[in-house]
Amino acid sequence: MVLNKIKKFKPRVKARIRKNRQIINKNLDNFFDWVKGAKLVELDECDTNEDPIRPQLDNKFRTSYGRKIYGVEYKGEIHAVMCFAYTNEVPRSVEELDKFSHDAFLQSAMRDQNIGQIAIAYTVWSKKKGGGKLIVKEVFKKIKKSNHLNRLITLSPLTEMATKFHSKNGAKLLQVNEDTQNFEYKVLK
């Protein structure tokens, strides 16, 4: 009697495993479809209220003095955002970031050159799983193609989440500051 119940139970378990495997594979295919179809775009503005790191910085700050906002777009919707400032020095705070990017912008205007040699990523967020990693990868490609940027450095909060994110994506801790930390992604051209 017990043996019959086990035999009946086995096909049901196997069927459930097969069904779950199909669901997982379908979801993975959908995940990779959005990643493959996504593209990096420059944005004129972003919803700063969505920024979990520095929501106090308005769009004027994010786009003044050569600063840029990039997004990962898929089917007309933005799924991840990263904001940059271009500098010639590594900032330890948002105030230094503002000053250094302003200086780099003025220097480039006087010399008719590209702005700064260092791309400082000071905020990144994702609305869709995999978006953060994808935008780091896409921005990294863009920086490698540039003729004037030779470093990609972050101005990250002092959080375990930021440390894990950047370490997992291949960045090395450069320095720990009073309120921030800097990670560097190796840019080999």
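Residues numbered from 1 in each chain as written. Predicted model: local features only at pLDDT ≥ 70, side-chain atom pairs only at ≥ 80, totals over all residues. Heavy atoms only, no water.

Q: I tried to follow the overall build of the protein on my own but got confused; where do I start?
A: A tally of regular secondary structure across the protein gives 5 helices and 8 strands. Here the protein holds 189 residues, and the buried ones make up 40% of them. Pairs at least 24 apart in sequence give 67% of the contacts found in the protein among residues at least 6 apart. (Helix = DSSP H or I, 4+ residues; strand = E, 2+ residues; numbered from the N terminus. Buried < 20%, exposed > 50% of the residue type's maximum accessible area, 1.4 Å probe, protein only. Contact = heavy atoms within 4.5 Å.)

Q: Can you help me understand the side chain of T123 in this one?
A: The topology assignment puts T123 in strand β4 (residues 118-126). Within the local environment of T123, its side chain forms a polar contact with the side chain of D51, the two groups lying 2.7 Å apart. If near-sequence neighbours (up to four positions away) are discounted, T123 is found in contact with D51, I53, R54, R62, V81, M82 and C83. (Polar contact = N/O pair within 3.5 Å; in protein donor to acceptor, adjacent residues only side chain to side chain.)

Q: Is there a simple way to think about the confidence of the model for the protein in this case?
A: Here the protein shows a mean pLDDT of 84. Residues at 70 or above account for 78%. The least confident element of the protein, judged by mean pLDDT, is helix α1 (residues 2-37) at 60; the most confident is helix α2 (residues 59-63) at 97. (pLDDT = per-residue confidence, 0-100.)

Q: What's the story with the packing of aromatic side chains in this structure? I'm lost.
A: The description of two aromatic rings rests on the distance between their centres and on the angle between their planes. Taken as a whole and assessed by the stated rule, the structure comprises 4 aromatic pairs. Their ring planes at 85 degrees and their centres at 5.9 Å tell us that F61 and Y122 sit as a pair that is edge-to-face. Of this pair, F61 sits in helix α2 while Y122 sits in strand β4, placing them 61 residues apart in sequence. For the pair F61 and Y122, a shared accessibility class is recorded, and that class is buried. Taken together, a centroid distance of 5.7 Å and an interplanar angle of 70 degrees make the contact between Y65 and F105 edge-to-face. One end of the pair, Y65, is in the loop between α2 and β2 (68-74); the other, F105, is in helix α3 (residues 94-111), and 40 residues separate them in sequence. Each residue in the set Y70, F84 and Y86 is aromatic and connected to the rest through ring pairs, giving one cluster. (Phe/Tyr/Trp six-rings, centres within 6.5 Å; stacked < 30°, edge-to-face > 60°.)

Q: Got a minute to help me understand unusual backbone geometry in this structure?
A: What you tend to see is this: most non-glycine residues have negative phi, and most peptide bonds are trans. At Y65, a residue that is not glycine, the phi angle is positive and equals roughly 55 degrees. Here Y65 falls in the partly exposed class, since its relative accessible area comes to 32%. With a phi angle near 55 degrees, K75 is a residue other than glycine that sits in the positive phi range. Note that K75 resides in the loop between β2 and β3 (77-87). Taking relative accessible area as the criterion, K75 reaches 74% and is therefore assigned exposed.

Q: Would you take a moment to explain the nonpolar core for this structure?
A: As a rule of thumb, nonpolar side chains are buried together in soluble globular proteins. Grouped together as the largest cluster of nonpolar side chains are 25 residues, with contacts concentrated most on M82, F84, I143 and L152. Within the residue set of this core, elements represented by two or more residues are β2, β3, β4, α4 (131-145) and β8 (180-185). Looking at which element gives the most residues to this core, the answer is α4, with 6 residues. If sequence neighbours within four positions are ignored, L152 has contacts with F84, A119, F140, I143, F183, E184, Y185 and V187. I69, V81, A85 and W125 belong to the second-largest nonpolar core, a separate cluster that totals 18 residues. (Core = buried A, V, L, I, M, F, W, Y, C linked by side-chain atoms within 4.5 Å.)

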